[in-house]
Amino acid sequence: MTAKYDVVAIGNAIVDVIASADEAFIASENLTRGSMQLIDADRATELYSRMAPGREVSGGSAGNTIAGLAALGQKCAFIGQVADDQLGEVFAHDIRALGVRFDTAKRGQQPPTARCLILVTADGQRTMNTFLGASQFLPAAAIDHDLIADSAILYLEGYLWDPEEPRAAMRAAIDTAKANGRKVAFTLSDAFVIDRHGADFRKMIDAGDIDILFANDGEVHALMGTADVASAVTALSAKVPTLIVTHGANGAEAHCGGQHARIAAEPIAQVVDTTGAGDLFASGFLSGQAQGRSLEDSLIMGAVCAAEVISHYGPRPEGDLKALVAKRLG
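Residues numbered from 1 in each chain as written. Predicted model: local features only at pLDDT ≥ 70, side-chain atom pairs only at ≥ 80, totals over all residues. Heavy atoms only, no water.

**Student:** Is there a simple way to explain the UniProt feature "domain: Carbohydrate kinase PfkB" (unreviewed entry) in the protein chain in this structure?
**Tutor:** Under the UniProt annotation, "domain: Carbohydrate kinase PfkB" (unreviewed entry) lies at residues 40–316. Across residues 40–316, the secondary structure splits into 42% helix and 20% strand, with the terminal C-alpha atoms separated by 25 Å. (UniProt positions renumbered as here; feature names shortened; annotations may be inferred. Helix = DSSP H or I, 4+ residues; strand = E, 2+ residues; numbered from the N terminus.)

What follows is the structure in structure tokens.
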């Protein structure tokens, strides 16, 4: 059955606040450089008050991926929870302005819309501090099952698996996608998510619930618990129809139906901010697959999109992704 939408994503609806920081500030706030940690409302207020002036940009892992897909010309939709507040308006406006369908009803004003306080050091490394706010209260009732049935791929982010309510919503969405012969794509998001929910993820993989899986070195190692990343990739590729593993500056690889492709990272003059690199890689890869491209070309598209987003502040593309892909692949 032909799908109306290429991808529908379910994820945290977050507004990112991005500011520069030096190593001394990271240390003084007792933060783990390069990590993502969850914080409560009081800590969010406290940290925000001490940050340098920042930029507010709509983010969220799956939201970033959908933004990249829309920029590449794919027809997309997003399901995520915001509050009836200023940041909720910012998020809704930003994603709809991209041509993405976003119909999720707002909650009240408490808890407020989620925000991620991102501190970027001189080398482009980001340290993320996330207050999940309203996003962690996405109810099963917010899932538009007709929309999922009419989308070729359902894309889910591991970050949202943590709270109970959206986890139940995503399970219901998976059931609908599978019942309608649609593919389910899942990004593991972070090793800490696997520490908490690895058993769930392994069970889903074994049950055949995940068709496309995105992971990086640390995540695939944490999921499989093998001695090294290479053996973890080999073991996991035998369980997932399509596996994509990113290796940072060392490129990326994909395994699908006995085929394997590996590419180098795209060259870039300067890394400014690595926020959204994995999210935009997923955009490029999924867009390539939606366009019927090869594994290798899809990986290259992912690398091109990731290179664009790390060349500037913020987790969403600012350059013309279509033009960049056309220049690279012809």
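So much for the structure itself; the text now carries on.
**Student:** Honestly, the pairing of strand E7 (residues 114–120) in this entry has me stumped. Any pointers?
**Tutor:** Within a regular beta strand, the side chains point alternately toward one face of the sheet and then the other, so they alternate between its two faces. With 6 of 7 residues buried, E7 is to be regarded as a mostly interior element. When strand E2 (residues 14–20) meets E7, the two strands line up parallel, connected through 7 bridges. If you follow Val15 over to E7, its bridge partner there is Arg115. Bridge count for E7 against strand E8 (residues 126–131) is 6 bridges, and the pairing is antiparallel. Each residue of the ladder has a partner; that of Leu119, found in E8, is Thr127. Connecting the antiparallel pair E7 and E8 is a turn made up of 5 residues, with Gly124 showing a positive phi of about 90°. (Buried < 20%, exposed > 50% of the residue type's maximum accessible area, 1.4 Å probe, protein only. Pairing = 2+ DSSP bridges.)

**Student:** I'm lost on the packing of helix H3 (residues 61–71) against helix H10 (residues 277–290) in this one. Help?
**Tutor:** Angle between the axes and distance between the axes: these two values describe a pair of packed helices. It is at 8 Å that the axes of H3 and H10 come closest, and there the two elements cross at 45°. One element, H3, and the other, H10, form an angle in the oblique class. Note that H3 runs across H10; the crossing there is right-handed. Here Ser61, Asn64, Thr65, Gly68 and Leu69 of H3 come into contact with H10, specifically with Asp279, Leu280, Ala282, Ser283, Leu286 and Ser287. (Axes fitted to C-alpha atoms, helices over the stretch in contact; angles between N-to-C directions. Parallel < 35°, antiparallel > 145°, perpendicular 65-115°, else oblique. Left-handed = near helix turned anticlockwise from the far one by under 90°. Contact = heavy atoms within 4.5 Å.)

**Student:** Explanation requested: the pattern of salt bridges in the structure shown.
**Tutor:** If charged atoms from side chains of opposite charge come close, those side chains can pair. In the structure shown here, the tally under the stated rule is 16 salt bridges. Arg43 is the salt-bridge partner of Glu46, the closest N and O atoms lying 2.7 Å from each other. Of this pair, Glu46 and Arg43 both sit in helix H2 (residues 41–50), separated by 3 residues, roughly a single helical turn. Judged by relative accessible area, which is 17%, Arg43 ranks as buried. Its salt-bridge partner being Lys239, residue Asp206 comes within 3.3 Å of it at the nearest N-O pair. Of the two residues, Asp206 is situated in helix H7 (residues 191–206) and Lys239 in the loop between helix H9 (229–237) and strand E12 (242–246); the sequence distance between them amounts to 33 residues. Since its relative accessible area comes to 55%, Asp206 is described here as exposed. For Lys239, a relative accessible area of 42% translates into the label partly exposed. Overlapping salt bridges, with partners in common, bring together Glu29, Arg43, Glu46 and Arg50 in one network. (Salt bridge = Lys/Arg side-chain N within 4 Å of Asp/Glu carboxyl O.)

**Student:** Would you mind going over the side chain of His255 with me for this structure?
**Tutor:** Relative to the elements of secondary structure, His255 occurs in strand E13 (residues 252–256). Classification of His255 by relative accessible area gives buried; the value is 16%. A distance of 2.8 Å separates polar atoms of two side chains, one belonging to His255 and the other to Glu253. Setting aside residues up to four positions removed in sequence, His255 forms contacts with Val233, Ser237, Pro241, Thr242, Leu243, His260 and Leu295. (Polar contact = N/O pair within 3.5 Å; in protein donor to acceptor, adjacent residues only side chain to side chain.)

**Student:** Honestly, the nonpolar core in this entry has me stumped. Any pointers?
**Tutor:** Most often, soluble globular proteins keep nonpolar side chains buried together rather than apart. Among the nonpolar cores identified, the biggest contains 48 residues, and Ile10, Leu154, Phe186, Phe201 and Leu213 are the most heavily contacted of them. Within the second largest apolar cluster, 45 residues are counted, among which are Ala9, Val15, Phe78 and Ile310. (Core = buried A, V, L, I, M, F, W, Y, C linked by side-chain atoms within 4.5 Å.)

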